[in-house]
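Fold and geometry: a report
Here is what each chain is made of, one letter per residue.
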2 protein chains.
Amino acid sequence: MLSARTDAAYPSSLELPALFEQSLRDFFASRREAVETIGGGYETAVDTLESFVLRGGKRVRPAFAWTGWLGAGGDPQSDDADSVMRACTALELVQACALVHDDIIDASTTRRGFPTVHVEFENLHRADNWNGDGAHFGEAVAILLGDLALAWADDMIRESGIGADAAARISPVWSAMRTEVLGGQFLDISNEARGDESVEAAMRVNRFKTAAYTIERPLHLGAALFGADAALIDAYRKFGTDIGIAFQLRDDLLGVFGDPSVTGKPSGDDLRTGKRTTLFAAALARADDTDPAAAQQLRSGIGAELTDNDVDTLRTLITDLGAVDDAEARIATLVESAAAALESSSATAEAKTRLREMALAATSRTY
Amino acid sequence: MLSARTDAAYPSSLELPALFEQSLRDFFASRREAVETIGGGYETAVDTLESFVLRGGKRVRPAFAWTGWLGAGGDPQSDDADSVMRACTALELVQACALVHDDIIDASTTRRGFPTVHVEFENLHRADNWNGDGAHFGEAVAILLGDLALAWADDMIRESGIGADAAARISPVWSAMRTEVLGGQFLDISNEARGDESVEAAMRVNRFKTAAYTIERPLHLGAALFGADAALIDAYRKFGTDIGIAFQLRDDLLGVFGDPSVTGKPSGDDLRTGKRTTLFAAALARADDTDPAAAQQLRSGIGAELTDNDVDTLRTLITDLGAVDDAEARIATLVESAAAALESSSATAEAKTRLREMALAATSRTY
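Now for a quick tour of the structure. (Residues numbered from 1 in each chain as written. Chains lettered and ligands numbered in written order. Predicted model: local features only at pLDDT ≥ 70, side-chain atom pairs only at ≥ 80, totals over all residues. Heavy atoms only, no water.)

1. Examining the overall build of chain A
From N to C terminus, chain A includes 16 helices and 2 strands. Expected size for 367 residues packed as a compact globule is a radius of gyration near 21 Å; at 22 Å, chain A falls within 12% of this value. Counting only C-alpha atoms and orienting by the principal axes, one finds that chain A spans roughly 65 × 60 × 35 Å. Split into buried and exposed, the 367 residues of chain A put 58% on the buried side. A separation threshold of at least 6 residues defines the contact pool for chain A, and within that pool the share at least 24 residues apart is 73%. Looking at chain A as shown, the accessible area adds up to about 14200 Å², and 50% of this sits on carbon and sulfur atoms. Charge centroids of chain A, computed over 35 positive and 57 negative side chains, lie 2 Å from each other. (Helix = DSSP H or I, 4+ residues; strand = E, 2+ residues; numbered from the N terminus. Rg over C-alpha atoms; globule rule 2.2 N^0.38 Å. Buried < 20%, exposed > 50% of the residue type's maximum accessible area, 1.4 Å probe, protein only. Contact = heavy atoms within 4.5 Å. Areas by Shrake-Rupley, 256 points an atom, 1.4 Å probe, with all protein chains shown as cover. Lys, Arg positive; Asp, Glu negative; His and termini not counted. Charge placed at Lys NZ, Arg CZ, Asp CG, Glu CD.)

See below:
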């Protein structure tokens, strides 16, 4: 039970990330011998992956999974707690794969203030004056390390120590979650390539790349780990989908209106990078209906080289078209329906409190 | 049991590929609903992955796994046979990931006479005149489809229907196999980038990228599926490692001396593409010891634009340095030690016959 590892036999939300990180450290240690047997520099590459995984992130997915288990009746002081902790933490290895591969796909050069994995190996290649193209080498290593994280996510959940019944219950959830997030990523790049500007297309990405993957399925996984009944699972999934979509809508607003000192990204980042969010799609749809000149301005502005003044102009347009009010209203409705689903569920009082706080943190206006 | 699906209740080696392919078709059909729910073109992308997986290949890995199970005492007429067939077939989905991602890493444009997956999506992007860079789009989709194949490999083995005991037995084998093949791929690109010309470095790639992944671990998996004893597992692993390395040494010879009409590749393909095989490393080591001018010729030739005459010159050099005789001698020794391990094992007579044939097919001189 967890008390062996922490002073808190019943860890608070704030204490969870350190526990997930300890699970990750233990897991990487368990692979050490196999990796060293292969040798030839593989150890160093795996160390880079471990540093990447441990470097940060809010551990949102395992936190929802763990809290889902707690709310279904899981007891952090029971002997099951360590196994459940490990199974929940495996979500962070899926996430490591998603981030490492997404950074190649998006050609991102930094993450969490550090070079992305492919850039790190590109830099190494350059610094040591190796043969061939450094950028291609960096991507190749990052593809393989992302694959390793994905394979190890499965190892981690399979070796978590949960019982055969729990393993059977979570199997379809785990399967759906991975198929959905990869689908969401595919839709994201495919919409952009096809120039699909519709709100519907953007919402589909939100649904699968964010909501299902980040909140709905982690909660579902936690519930299945405990063996919750269908009613609680339905309530969790309703809560998770609504909060997940509201979270993405909030993120879309931050991507256009967020304060760089808070978001850590340039002002109007989504406009500059040409991200086709629901917010932008809604503004565009409204402009197409009512203001062709504004539609033209939005289309020529998105993804272009923008001055701060250009960003301000686009922001004003998006606001004046009513897309911001619309997004705020949708967020409020979603948060409300999520709260209702949670309140009327059989989740424990402690979990309800925690999930309300997590929902608030994910969807509140912070810009 | 298998008789439900085939006339042969006890399928011959020749009948196996069709059975593996049926398992793959059934598995893809089982994902259909989840993929259609996500929609937005994901179905079409998954269809491309399915076509790629079904298009060919010799199904070597599931064949070794199945034959390993058979040799340990598995009965194709028993009720376990269908589950075992599915678990063995999951290896083909790991292989799909390895091929799709390797083709990005090696910048290969064709495989089995068709465009590689990343090129197929690049072509689609171009044909439909989509936004952005077609080559980058193709790679992005191929990264995601490779990930999906890897995730589905785990789903397939987890949903195969094998019992909890068998699942626990194969877990460490499955884990080792994936960690090893990704390590072998990493070593391959890392050796090339670092310009490591040693025989030792090339052998390490052979050991993990080919031998462990293609023969040793599949046999081990088959044995573990049945619950074979340690002595048979040791014999299989010895046989698999030796035949696997011999297979790679033969492949290295074919890569330099193979007949294009048989190999389907240009003459001297490994020399033209600059592949750092054990054969080349051994020739180079000998040249460095005895003939600096030859070493110079080898180093300037490998990976350069080569005429057929240049290829002939390098071939003669490699032969005259004794590297070919050395490789043939090593292959003969490995095949012999593998045969000895197999003969003295407790594998069934039927499996011994099949494994001998499979070893012969993998290591014989066919150029």
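2. Considering the packing of aromatic side chains
All names here are of chain B. Summed over the entire model, instances satisfying the criterion amount to 12 aromatic pairs over all chains. Their ring planes at 70° and their centres at 5.8 Å tell us that phenylalanine 27 and tryptophan 152 sit as a pair that is edge-to-face. Separated by 125 residues along the polypeptide, phenylalanine 27 in helix H1 (residues 16-38) and tryptophan 152 in helix H6 (residues 134-158) bring together distant segments of the chain. Neither residue differs from the other here; phenylalanine 27 and tryptophan 152 are each classed as buried. (Phe/Tyr/Trp six-rings, centres within 6.5 Å; stacked < 30°, edge-to-face > 60°.)

3. Let's talk about the side chain of A:Glu139
Relative to the assigned elements, A:Glu139 resides in helix H6 (residues 134-158). Although A:Glu139 is buried, it makes no salt bridge; A:Arg126 carries the closest opposite charge, 10.0 Å away. In contact with A:Glu139, not counting residues within four places along its chain, are A:Ile104, A:His118 and B:Glu139. (Salt bridge = Lys/Arg side-chain N within 4 Å of Asp/Glu carboxyl O.)

4. Things to note about the relation of the copies chain A and chain B
At an RMSD of 0.0 Å, chain A and chain B line up after a rotation of 180° and a shift of 0.0 Å along the axis. Put plainly, the chains are arranged around a two-fold axis. When the interface residues of chain A are mapped onto chain B, 100% of them again lie at the interface, so the same face is used by both copies. (Least-squares fit on C-alpha atoms with pLDDT ≥ 70 in both.)

5. A few points about helix H13 (residues 292-301) of chain B
Residues and elements named next belong to chain B. Inspection of H13 places Ala294, Ala295, Leu298 and Gly301 among the buried residues, and these make up the whole buried set. Axial view of H13: buried residues confined to an arc of 135°, hence all on one face. Among the exposed residues of H13, those oriented more than 90 degrees off its buried face are Pro292, Ala293 and Gln296. Contacts made by the buried residues of H13 are with helix H11 (269-273), helix H12 (278-290) and helix H14 (308-320). (Arc of directions from axis to C-beta.)

6. Regarding the interface of chain A and chain B
Taken together, the contacts link 51 residues of chain A with 51 residues of chain B. When the two sides are added together, the surface that chain A and chain B hide from each other amounts to roughly 4500 Å², 67% of it contributed by carbon and sulfur. Taken as a group, A:Ile38, A:Leu144 and A:Phe186 account for 15% of the area that chain A buries against chain B, more than any other trio of residues on that side. Viewed at the interface, chain B and chain A are joined by 4 salt bridges. For B:Arg158, the salt bridge identified is with A:Asp154, shortest N-O distance 3.8 Å. Of all the elements in the fold, those that place two or more residues in the side of chain A that touches chain B are helix H1 (16-38), helix H2 (42-54), helix H4 (81-105), H6, helix H7 (164-194) and helix H8 (199-226) of chain A. The element that contributes the greatest number of residues to the side of chain A that touches chain B is H7(A), accounting for 16 residues. Partitioned by chemical class, the residues of the side of chain A that touches chain B number 24 nonpolar, 15 polar and 12 charged. (Buried area = accessible area lost by both parts, 1.4 Å probe. Nonpolar A, V, L, I, M, F, W, Y, C, P; charged D, E, K, R; others polar.)

7. Observations regarding unusual backbone geometry
Residues and elements named next belong to chain B. In this model, arginine 59 sits at a positive phi of 60°, which is unusual for a non-glycine residue. Within the element layout of this structure, arginine 59 appears in the loop between helix H2 (42-54) and helix H3 (60-72). Residue class for arginine 59 comes out buried when judged on its relative accessible area of 2%. Backbone geometry at asparagine 129 places phi at a positive 60°, although glycine is not the residue there. Its location among the elements puts asparagine 129 in the loop between helix H5 (117-127) and H6.

8. Details of H1(A)
Residues and elements named next belong to chain A. Counted at 1.5 Å a residue, the expected span for H1 with its 23 residues is 33 Å, and the 34 Å between its end C-alpha atoms agrees. The sharpest bend along H1 measures roughly 40° and falls at arginine 32. Of the residues one or two after H1, glycine 39 is the one with positive phi, at around 65°. (Expected span 1.5 Å × (residues − 1). Bend = angle between axes of the 7 residues up to and from the residue.)

9. Let's talk about the pattern of salt bridges
Evaluated as defined, the whole model comprises 60 salt bridges over all chains. For A:Arg59, the salt bridge is made with A:Glu21, and the minimal N-O distance between the two is 2.9 Å. Here A:Arg59 is found in the loop between H2 and helix H3 (60-72), whereas its partner A:Glu21 is found in helix H1, with 38 residues between them in sequence. Assigned by exposure class, A:Arg59 and A:Glu21 land together as buried. For B:Arg272, the salt bridge identified is with B:Asp308, shortest N-O distance 2.7 Å. Pair noted here: B:Arg272 is in helix H11 and B:Asp308 is in helix H14, with a separation of 36 residues, a long-range link.

10. Side note on the environment of A:Thr116
Residue and element names in this part refer to chain A. Within the secondary structure, threonine 116 sits in the loop between strand S2 (114-115) and helix H5 (117-127). Its relative accessible area of 0% is what places threonine 116 among the buried residues. Between the alpha carbons of threonine 116 and valine 100 there is a distance of 7.3 Å; along the sequence they are 16 residues apart. Apart from residues no more than four positions distant in its own chain, threonine 116 is found in contact with Asp103, Ser108, Thr109, Thr110 and Arg111. A distance of 3.3 Å separates the side chain of threonine 116 from the side chain of histidine 118, its partner in a polar contact. (Polar contact = N/O pair within 3.5 Å; in protein donor to acceptor, adjacent residues only side chain to side chain.)

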